[in-house]
Every structure is written in C-alpha cells, then in structure tokens.
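# Architecture at a glance
Given next are the chains, with one letter for each unit.
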Amino acid sequence: MSNAPEGPPPGFLVWRLSMKWRVAVDRAIGPFGLTHAQYSLLGSLLGMQQSGLRPSQRRLADHTGLEPLYVSKLARTLETAGLIERTTDPRDTRAVQLSLTEEGRAVTLRAVDVVRELLDQQLAPLGGLDGADTEAFTRTLTALLDVPIPAVPGSSNKSTKSSKSSKE
C-alpha cells in the first residue's frame with residue numbers, strides 16, 4: 001500500500017498555477033502590447049530603478065529567473081518599441097545596462113496596476129493581497145524558490161558506471 005497522497009503531486013499543481021497565472025497576465029496586459037515575459041522584465045526593471053539601480057541585462061536575468069539570452073532578446077524588442085534604453089556599462093564595456101524610457105515607465109506603471117488588481121482577485125481565496133494566508137503562501141513560495149536547482153539525478157552515477165564498465 002502506498003503512502004503517496006491522493007490527487008495531483010505538488011510539482012504538477014505548481015506548474016498548473018504558473019500556467020494559469022501566465023495566461024491571466026497575458027490577457028490582462030495584452031491591451032498594452034506586452035507579453036508576460038516582457039512585463040516581468042519591465043516590472044522588475046521598474047522596481048530596481050525605484051531602488052536606485054541601473055541593472056545590467058545579466059543582473060536583470062538573475063533577478064527574473066529568465067535566461068540571459070532571452071533577456072537580451074526581450075530587451076532588443078522593448079528597445080525597438082521605445083520602452084527601454086540599452087547602453088554600454090561604463091565600468092564594463094561587455095555589459096549592457098537597461099533603463100526605462102519615459103514611455104516605458106508610463107506603460108509599466110499602468111500594467112503594474114492592472115496586474116496588481118488581477119493578483120488581488122487571484123489571491124481572494126487566501127484573503128487577497130493583504131491576507132494572512134497570502135503572507136504564509138508567499139513565505140512558502142520564497143522558501144521553495146530559495147532551494148538551488150539540483151543536478152540531474154543519476155548524472156554522476158552514469159559517469160561512474162561508464163568508467164567502471166570501461167575498466168572491466
């Protein structure tokens with residue numbers, strides 16, 4: 001008899017919640033001409049700028065969890081749209097710094113308001129944005145996000161097995 005809980009596993013539920021959120025955000029910010037990934041970059045950039053930072057593409061990639069190459073592609077698209085500026089970092093000519101244009105700041109602020117309202121609606125079962133259950137949920141999500149991505153299970157064993165078998 002298995003001790004596994006009935007119903008879908010937590011990983012599946014996290015994935016489903018992530019997909020549901022992405023679709024909801026895409027629909028909500030579509031009128032601004034933005035995708036969820038573009039919004040994530042712009043919203044993060046806004047927050048960092050409000051903290052007095054002018055991040056590099058790499059730092060923004062680390063902050064958002066997006067791949068650096070994808071951030072570069074998004075940044076070029078947003079620059080073409082007039083929402084961000086890309087400049088060479090004076091301290092490191094290999095790095096590209098990002099900043100919002102005036103139009104980018106205005107669009108991002110409007111999108112943040114829409115997404116914040118959407119988030120409050122989605123979190124209603126937990127008491128909304130200011131609910132105690134939402135605070136606990138946020139702590140749990142943060143704890144899970146703080147866990148490093150593990151190595152591929154069994155990857156070290158494969159090299160050991162192959163080296164053993166080649167010696168035999």
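Nothing here was measured: the structure is a model prediction, and the numbers come from that model.

Secondary structure summary: the protein chain contains seven helices and two strands in total. Within the span of the protein chain, comprising 168 residues, buried residues form 26% of the whole. Pairs at least 24 apart in sequence give 47% of the contacts found in the protein chain among residues at least 6 apart. Accessible surface for the protein chain amounts to roughly 11,900 Å². Of this, 56% is attributable to carbon and sulfur atoms.

Inspection of the secondary structure assignment puts T108 in helix α5 (residues 102-122). Aside from chain neighbours lying at most four places away, what touches T108 is L42, G43, L46 and L100.

Here we come to the nonpolar core. In terms of nonpolar packing, the biggest core is built from 25 residues, with I29, L34, L42, L78 and I84 touching the most fellow members. For this core, the secondary structure elements donating two or more residues are α1 (10-29), α2 (36-50), α3 (57-64), α4 (68-80), β2 (92-100) and α5. A per-element tally of this core places α2 first, with seven residues. With near-sequence residues (within four places) excluded, L34 lies in contact with I29, L42, L78, L83, V107 and A111.

Throughout the structure, instances matching the rule amount to four salt bridges. One salt bridge connects R94 with D92, and the closest N-O pair in it is separated by 3.1 Å. Assessed through its relative accessible area of 25%, D92 is described here as partly exposed.

This part takes up the pairing of β2. Taken together, the six bridges between strand β1 (residues 84-89) and β2 define a ladder with antiparallel strand orientation. When the sheet's bridge partners are listed, D89 is paired in β2 with D92. The turn linking β1 back onto β2 is made up of two residues.

All right, on to a negative patch on the surface then. Taken together, D113, E117, D120, D130 and E135 make up a surface patch of like negative charges. With three residues, α5 is the single largest residue contributor to the negative patch. Inspection of the secondary structure assignment puts D130 in the loop between α5 and α6 (132-146).

Tracing the backbone shows L46 in helix α2. In this structure, the C-alpha to C-alpha distance between L46 and L109, residues 63 residues apart in sequence, is 8.2 Å. Apart from the residues within four sequence positions on either side, L46 is in contact with L100, R105, T108, L109 and V112.

Let us now look at the packing of α2 against α3. For the pair α2 and α3, interaxial distance at closest approach is 10 Å and the crossing angle is 110°. With respect to their mutual orientation, α2 and α3 come out roughly perpendicular. Residues S40, L41, S44, L45 and M48 of α2 pack against R59, L60, H63 and T64 of α3. Residue composition of the contact of α2 with α3, by class: four nonpolar, four polar and one charged.

Looking at the protein chain as a whole, the pLDDT averages 89, with 89% of positions reaching at least 70. Least confident of the elements in the protein chain is helix α7 (residues 155-167), whose mean pLDDT is 48; most confident is α5, at 97. Confidence drops under a pLDDT of 50 for residues 158-168, and excluding neighbours within four residues, the segment shows zero contacts in the predicted structure.

Conventions used here
- Residues numbered from 1 in each chain as written.
- Predicted model: local features only at pLDDT ≥ 70, side-chain atom pairs only at ≥ 80, totals over all residues.
- Heavy atoms only, no water.
- Helix = DSSP H or I, 4+ residues; strand = E, 2+ residues; numbered from the N terminus.
- Buried < 20%, exposed > 50% of the residue type's maximum accessible area, 1.4 Å probe, protein only.
- Contact = heavy atoms within 4.5 Å.
- Areas by Shrake-Rupley, 256 points an atom, 1.4 Å probe, with all protein chains shown as cover.
- Core = buried A, V, L, I, M, F, W, Y, C linked by side-chain atoms within 4.5 Å.
- Salt bridge = Lys/Arg side-chain N within 4 Å of Asp/Glu carboxyl O.
- Pairing = 2+ DSSP bridges.
- Patch = residues over 30% accessible without salt bridge, like charges linked within 9 Å, V, L, I, M, F, W, Y side chains within 5 Å.
- Lys, Arg positive; Asp, Glu negative; His and termini not counted.
- Charge placed at Lys NZ, Arg CZ, Asp CG, Glu CD.
- Axes fitted to C-alpha atoms, helices over the stretch in contact; angles between N-to-C directions.
- Parallel < 35°, antiparallel > 145°, perpendicular 65-115°, else oblique.
- Nonpolar A, V, L, I, M, F, W, Y, C, P; charged D, E, K, R; others polar.
- pLDDT = per-residue confidence, 0-100.

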